[in-house]
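Descriptive analysis of the structure
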Amino acid sequence: MVSNTAPATEAAPTSLWKHRDFLKLWVGYSTSQFGGQITVVAMPLVAIVVLGATEAEVGTLGAVGRLPFLLFLFAGFWADRFRKRPTMIAADIGRSLLLLAVIGLYAADMLTLFWLGAISFLSVVLFVFFEVANMSHLPFLVGREFIGDGNAKLQLSNSVARVAGNSVGSVLVNAFIAVQVLIIDVVALVVSAISCALIRKPEPVPERSEDRPGVFSSIAEGLRWVLRDSLIRPSVIAAGFYMFFFTGIEVLLPIWVIKGLGLPVYWVGILLAIGGPGAILGSLLAVRSMKKIGIGPSFFWMTVIGNLSLFLIGLATGPTWQLVTMIGLAQFLLGITGPIAMVASGTLRMGATPERLQGRVMASQRAVALSLAPAGALLMGLLAEGIGLRTTLLICAAGAVIPIIVLALSPIPRTKGMPDPQEH
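A brief look at the structure comes next. Note that the structure is a prediction, hence the values are computed from the model and not measured.

Within the fold, Ser-235 resides in helix α10 (residues 232-260). Note on Ser-235: relative accessible area 7%, which makes it buried. Setting aside chain neighbours within four positions, we find Ser-235 in contact with Phe-299, Gln-365, Leu-407 and Ile-412.

In structure tokens form, the structure reads like this:
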């Protein structure tokens, strides 16, 4: 149970543009996403270029960096049991210190693949707690009527960060050593922590009682909701298959571009950035799409287009302009469809979930869906070393068709409006 006796500090805003606390959250989230996207460019290149990692080592590092996804279940329990904003602040500060550790180890000539993997693991642990706290805090902060709009604005920040972060990251990585570029994310995380600390709306302190369920009972309640709900269950199954196969593409893409296709290192950042304009457009169209064709249809059809575009990556061949065009088109289509699908999926989940279960349901969905990501990274890395990068990438693209089938057989394509929470 949660106490709801906290007094309101200001009149209810009529738009998120006038919602001061949301704007603070948005500024912090946007800054953090910008720095994080620079790290997305820099960290794999630290392993490949600075430390000389092979395909199997890249896959292993990708798996290690995704193992903390299994902690989403506990993070959901934590988010529903403790206040969310302090968790977000502590996670931001902790991640900034870990990135400083990478920079320090490199400066001392002590950075190895082991340390890179260990720090990546701990950093993602903190990211998991931040993500669950942030997403389960949003409905409380903005109210049910602004959930879709809030999701869309946060996704817009993610999309803009992909353009700016990847572009700036690719330039800086070529001008400096990839490790040194991580300092930008350190600063961004500190700004995010400060922005969260400035939010004024008092967050209710969860009540402590003798009869409330323990850790595992609370986690089980969230899992049961996910597995019994007719809208959330198929989206989780689809996301699980997608993450298994897409993670293989994600971890192999830098090495595919550099070693498989023989392109210069700077093309990694450029190709990742190409998806940014599409992501910005998709974020801007997310709310309009849900209003025009419905929440569920937006989720389904964007999944169809985005997942099928993955074949372009493994099929890329020919001169440089053709390689760049094929992979760039895939990135652009993923960019435009991903935000719409994610906003629609998150809106369905938040609408169908009672307030008391927001943290655990969100965490359960992420845990079940992302639990296959480490296996996908590891197995696809090993497979690429055994049968080749191109064949492995095409296998991953074929596997991404499974989520389309799962969603097509569910009620999601026919669910146009915001669902109401149901008791299961």
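Turning to the pattern of salt bridges, a few remarks are in order. For the coordinates displayed, the defined rule picks out two salt bridges. A salt bridge links Asp-21 to Lys-24; the shortest N-O distance between them is 3.8 Å. Note that Asp-21 and Lys-24 are positioned in helix α1 (residues 20-50) at a spacing of three residues, about one turn of the helix. For Asp-21, a relative accessible area of 3% translates into the label buried.

All right, on to unusual backbone geometry then. We note that Asp-109 has phi near 60°; this positive angle belongs to a residue other than glycine. If you trace the backbone, Asp-109 turns up in the loop between α4 (84-107) and α5 (113-142). Overall, Asp-109 belongs to the exposed group, its relative accessible area being 71%.

A word on the packing of aromatic side chains. Counted by the stated rule, this structure contains seven aromatic pairs. Judged by centre distance (5.1 Å) and plane angle (10°), the ring pair of Tyr-242 and Phe-246 falls under stacked. With a gap of four residues between them, Tyr-242 and Phe-246 both fall in helix α10, about one helical turn apart. Assigned by exposure class, Tyr-242 and Phe-246 land together as buried. Between Phe-300 and Trp-301, the aromatic rings sit 4.9 Å apart at their centres with planes inclined by 70°, giving edge-to-face as the arrangement. A relative accessible area of 8% means that Phe-300 is categorised as buried.

Where nonpolar side chains cluster on the molecular surface, the patch consists of Ile-93, Leu-97, Leu-100, Ile-183, Val-187 and Val-191 and spans about 480 Å² of accessible area. Those elements that provide at least two residues to the nonpolar patch are α4 and α8 (183-197). Looking at the element boundaries, Leu-97 is found in helix α4. For Leu-97, a relative accessible area of 53% puts it in the exposed group.

Further remarks concern helix α12 (residues 295-308). A rise of 1.5 Å per residue sets the reference length of α12, with its 14 residues, at 20 Å; its end C-alpha atoms lie 21 Å apart and thus fit the reference within 8%. Those residues of α12 hidden inside the fold are in contact with α10, α11 (266-293), α14 (320-352) and α18 (402-408).

It is worth spelling out the side chain of Thr-347 at this point. Structurally, Thr-347 can be placed in helix α14. In this structure Thr-347 touches Gly-148, Asn-151, Met-290, Ile-295 and Met-418, once residues within four positions along its chain are discounted.

Right, let's get into the nonpolar core. With 92 residues, the main nonpolar core has Phe-72, Leu-252, Trp-256, Leu-310 and Ile-313 as its most contacted residues. Dropping the residues within four chain positions of it, Phe-72 is found in contact with Val-128, Glu-131, Val-132, Ala-363, Arg-366, Ala-367 and Leu-370.

Contact geometry for α5 and helix α15 (residues 358-370): axes closest at 9 Å, N-to-C directions at 135°. In terms of axis orientation, α5 runs oblique to α15. Considering only the axes of α5 and α15, their crossing is right-handed. Taken together, the residues of α15 that come into contact with α5 (itself represented by Glu-131, Val-132, Met-135, Ser-136 and Pro-139) are Gln-358, Gly-359, Met-362, Ala-363 and Arg-366. In terms of residue class, the contact of α5 with α15 is built from five nonpolar, three polar and two charged.

A word on the environment of Ala-47. With respect to the helices and strands, Ala-47 occurs in helix α1. Considering only alpha carbons, one finds Ala-47 and Gly-117, 70 residues apart in sequence, at a separation of 9.4 Å.

Cut-offs used in this document
- Residues numbered from 1 in each chain as written.
- Predicted model: local features only at pLDDT ≥ 70, side-chain atom pairs only at ≥ 80, totals over all residues.
- Heavy atoms only, no water.
- Helix = DSSP H or I, 4+ residues; strand = E, 2+ residues; numbered from the N terminus.
- Buried < 20%, exposed > 50% of the residue type's maximum accessible area, 1.4 Å probe, protein only.
- Contact = heavy atoms within 4.5 Å.
- Salt bridge = Lys/Arg side-chain N within 4 Å of Asp/Glu carboxyl O.
- Phe/Tyr/Trp six-rings, centres within 6.5 Å; stacked < 30°, edge-to-face > 60°.
- Patch = residues over 30% accessible without salt bridge, like charges linked within 9 Å, V, L, I, M, F, W, Y side chains within 5 Å.
- Areas by Shrake-Rupley, 256 points an atom, 1.4 Å probe, with all protein chains shown as cover.
- Expected span 1.5 Å × (residues − 1).
- Core = buried A, V, L, I, M, F, W, Y, C linked by side-chain atoms within 4.5 Å.
- Axes fitted to C-alpha atoms, helices over the stretch in contact; angles between N-to-C directions.
- Parallel < 35°, antiparallel > 145°, perpendicular 65-115°, else oblique.
- Left-handed = near helix turned anticlockwise from the far one by under 90°.
- Nonpolar A, V, L, I, M, F, W, Y, C, P; charged D, E, K, R; others polar.

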